[in-house]
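# Breakdown of the fold
What follows is the residue order along each chain.
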Amino acid sequence: MTQYVYRFGGGVSDGGKGDSRATQARPGDVSERKALLGGKGANLAEMASIGLPVPPGFTIATPMCALYYEAGEQLPEDVRAEIAGGIAHIEAVTGHRFGDASDPLLVSVRSGARVSMPGMMDTVLNLGLNDATVAGLATASGDARFAWDSYRRFIQMYADVVLELDHGAFEEALEVAKEDRGFTLDTELSAADLQALVAEYKALVEAEWGKPFPQDVHEQLWGAVGAVFGSWQSERAKTYRRLNDIPADWGTAVSVQAMVFGNMGDTSATGVAFTRDPSTGANAYYGEFLINAQGEDVVAGIRTPQYLTRAAREMAGARATSMEEAMPAVYGELASVFATLEHHYRDMQDIEFTVERTKLWMLQTRSGKRTAKAALKIAVDMAEEGLISREEAIARVDPQALDQLLHPTLDPSAARDVIAKGLPASPGAASGAAVFDAATAEKWAADGKPVILVRTETSPEDIGGMHAARGILTARGGMTSHAAVVARGMGRPCVSGAGSIAISAKDKVMRVAGREVREGDTLTIDGSTGEVMAGEVPTVSPELSGDFGVLMGWADAVRRLKVRCNADTPNDARVAREFGAEGIGLCRTEHMFFDAARITAVRQMILAEDLAGRQVALAKLLPEQRSDFAAIFEVMAGLPVTIRLLDPPLHEFLPHEEADFAEVARASGLEIDALKRRAAELHEFNPMLGHRGCRLGVTYPEIYEMQARAIFEAALDVAERGDAPVPEVMIPLVATRRELELMKAVVDRAARAVFAERGRTVDYLVGTMIELPRAALRAGDIAEQAEFFSFGTNDLTQTTLGVSRDDAGRFLGQYVEQGIYARDPFVSLDIEGVGELVTIAAERGRAKRPAIKLGICGEHGGDPASIAFCEQVGLDYVSASPYRVPIARLAAAQAALKT
């Protein structure tokens, strides 16, 4: 019989690796345990197995999630029996009984996917309370206020998560109860006040749900377990999975655990902590706690928490005592647990804990989410401390996360109109129009307008708007609030807990210090300092050194793939070389033609009706092209530079306005009507598959001859002043061997002529871009002429899938959601289709020319998953946009380590 329930605590750890007393067969390695028990369940079992204080409980394994949906969102009877056995285990360890009116057992019910999805799925706390057990809890604990506070929390949470009633109605009732008594804090309400509030909550449930609040504790449990499984398919969870490439079929586990209480007075507390700073990576404890509170009070931002350490409190200038000062003995025990967990997992840990009447309990540990800066520092520090190897350090940093380090920050010398200050929750800086709801953020961002999402506090429903926004600002919440954790994971700057600002989402206005910021007004936030500024503040480019340089050095030492850049200007080339590019994999010459100073000559060349007319225009373009190439060669001296000859259809350069036709007429000496007639003759119905690429070179070889001459003249000019570049002349859109043979002859003829004129030579290669399925299939023939292949996976994806990249946005999102494609094929290579063509071309090309150079130059060259495929196929290099070069370097190293 398949086992679905795994116990932990009380000397039992069915899912942990270290408990020889468990009678059930346990899952094997860490990834296997997380796949079965989810990250939370696996780590609870692991903590229990190494002797840490973990409240007893059990985990319902992830396969049950899919079975739950297959059974019409019902739990099978045999699983209910297993769950009953799990409850009996908790009862045996704690001595409390589930539903016992005199000494009740209360449990929490939490989600736990195999990867962390903070705030995306549901949790229910204090389950097991009803009108009878609340009295027993009051008597057993000796604290009536605590019992009624727990009951009102349970009703509110159960009504929201399980019954799906309006959460706001309960919040409003709580606020009214405090206002009526002149209170500002929940903790000021007495036991009688809370008892009255419970009665009001129960009335709200009956009015909204149509039935009384469930009093049967087993009914409560089945409802909560079903709701947690159900939250896997919530819209916010789906959005988070889509943004983070988490497969929908993984499902979530459900952990049921004995409650421990941080709201039992001033000797009780709850908190969230990291063993190292998740923003900077500094080897210092980072966290927050609240006395007399439960866990949701910290992460939901309902109360502004206190600092964990005295040093952090003093640095922030806060008055409220730190945990280190308020609870020194428990803090010392917690610090010891931090050290144990970090050395056990060999990674920075994100920990949730509760103190119940001075007794410390560990509720969760997981590898903590961190900024790119922190990821680099932690990886490098741990390797240098001997905790992990250099290879493990390389593998620990997500290449995509480096994007956070590669963009500008605020100019320190710029004027700043600081209007408020909050907590520095996620580093980086951003400017944008203030918006006060997630829907507006998504809409404005889709229209290309940068926005700052301004909220009193964020909730999981805001995930879409948070992703769309350039930055996030909240009035409430700490550095471990939902806004802070999600923003750090996304790489968005975030300022949280800016208590001096008052936000009206209804009126779409933020008020602070007598000033108003309305929707559409520009704000700037600095997530590294917590500053909030009116207006836009200039930025400066990042400096990449220190830990970045160390890790990149380690990565370069192990990677096999070379990393080049896609660059059409000297500035792009310079940026890319500073980021470690080892040459240019794609220089698009057509981008140079659009310069205002030369577009008229380009149009004159296109509209000329004979060779003589074209040559007059080309003579004007030759020195311009030579200057362009020389500037790029100077930057890339000594390195290969792949230059793609003119590729786009000619209609893209044609004039449309009357003034443009008049300008071309003046330059060419032709009549405007003749030019318009010629433009009409060049019109194409499907230009993407029309007269473009090598087809231009075949019909107008003088164009490619001019470009080749400009390349070789520029290369010789640069070689005379220093290191010679290595031009690689790429013929685009080749489908047949003969096309390349003809074009290679044009290039070689130009090279011979220039070399003869100058009396010296440079090394060069002639090759082609593989961007058509026929070219991939006939790569053996083409390799007879080509000295290199560069896979143009943008067009190869379009021509293989029959999908226009410019129009696919209308439907590709649904294709990904419905599992037709695992990811957008223009973002991450379609391995099964396009990838097979790349594999075929590589194999057939090498069979004919073993030394042929193979690379990739589409946007996929900066995608880690696509880079891993390139390593597997054995390509020689990838080429990415300048700011993605470091991402490609790290991804190439990780791919090499996996082979």
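Conventions we followed
Residues numbered from 1 in each chain as written. Predicted model: local features only at pLDDT ≥ 70, side-chain atom pairs only at ≥ 80, totals over all residues. Heavy atoms only, no water. Core = buried A, V, L, I, M, F, W, Y, C linked by side-chain atoms within 4.5 Å. Buried < 20%, exposed > 50% of the residue type's maximum accessible area, 1.4 Å probe, protein only. Helix = DSSP H or I, 4+ residues; strand = E, 2+ residues; numbered from the N terminus. Contact = heavy atoms within 4.5 Å. Axes fitted to C-alpha atoms, helices over the stretch in contact; angles between N-to-C directions. Parallel < 35°, antiparallel > 145°, perpendicular 65-115°, else oblique. Nonpolar A, V, L, I, M, F, W, Y, C, P; charged D, E, K, R; others polar. pLDDT = per-residue confidence, 0-100. Pairing = 2+ DSSP bridges. Left-handed = near helix turned anticlockwise from the far one by under 90°.

### Some points on the nonpolar core
- One finds L402, L551, I584, F633, F712, I731 and F789 to be the most contacted residues of the largest nonpolar core, which totals 134 residues.
- Examining the composition of this core, we find that 12 residues originate from one element, helix 27 (residues 701–721), more than from any other.
- F633 has contacts with V641, I643, I711, A714, A715, V718, P725 and P727, leaving out every residue within four places of it along the chain.
- Counting 87 residues, the second-largest nonpolar core is a separate cluster that includes L129, F146, M157 and M264.

### Focus: the packing of helix 22 (residues 599–607) against helix 24 (residues 658–668)
- It is at 9 Å that the axes of helix 22 and helix 24 come closest, and there the two elements cross at 75 degrees. The angle between helix 22 and helix 24 places the two elements in the roughly perpendicular class. Within the contact between the two elements, helix 22 uses T600, R603, Q604 and L607 and helix 24 uses D660, E663, V664, A667 and S668.
- Classifying every residue of the contact of helix 22 with helix 24 gives 3 nonpolar, 3 polar and 3 charged.

### Observations concerning the confidence of the model for the protein
- This prediction gives the protein a mean pLDDT of 90; 95% of its residues lie at or above 70.
- Low pLDDT, under 50, characterises residues 18–27; the stretch is placed with 24 contacts to residues that sit more than four places away or in other chains.

### Here we look at the sheet that holds strand 21 (residues 502–504)
- The strand order 21-22-23 describes an open sheet built from 3 strands, whose pairing is antiparallel. Unpaired on one side and paired on the other, strand 21 and strand 23 (515–518) mark the two borders of the sheet. Each strand axis lies, on average, 20 degrees off the axis of its neighbour in the sheet, ignoring direction.
- With 4 bridges connecting them, strand 22 (residues 509–512) and strand 23 associate as antiparallel partners. Of the residues in strand 23, the one forming a bridge with V512 is R515.

### What to know about unusual backbone geometry
- In this structure, N292 is a non-glycine residue whose phi angle is positive, near 55 degrees.
- By the secondary structure assignment, N292 is in the loop between strand 10 (286–291) and helix 10 (295–299).

### Side note on the packing of helix 6 (residues 167–180) against helix 7 (residues 191–209)
- At a minimum axis separation of 11 Å, helix 6 and helix 7 run at an interaxial angle of 155 degrees. Judged by the angle between their axes, helix 6 and helix 7 are roughly antiparallel. Crossing of helix 6 over helix 7 shows right-handed handedness. Contacts between helix 6 and helix 7 pair A169, F170, A173, L174 and A177 from the former with L197, E200, Y201, L204 and V205 from the latter.
- Residues that form the contact of helix 6 with helix 7 fall into these classes: 9 nonpolar, no polar and 1 charged.

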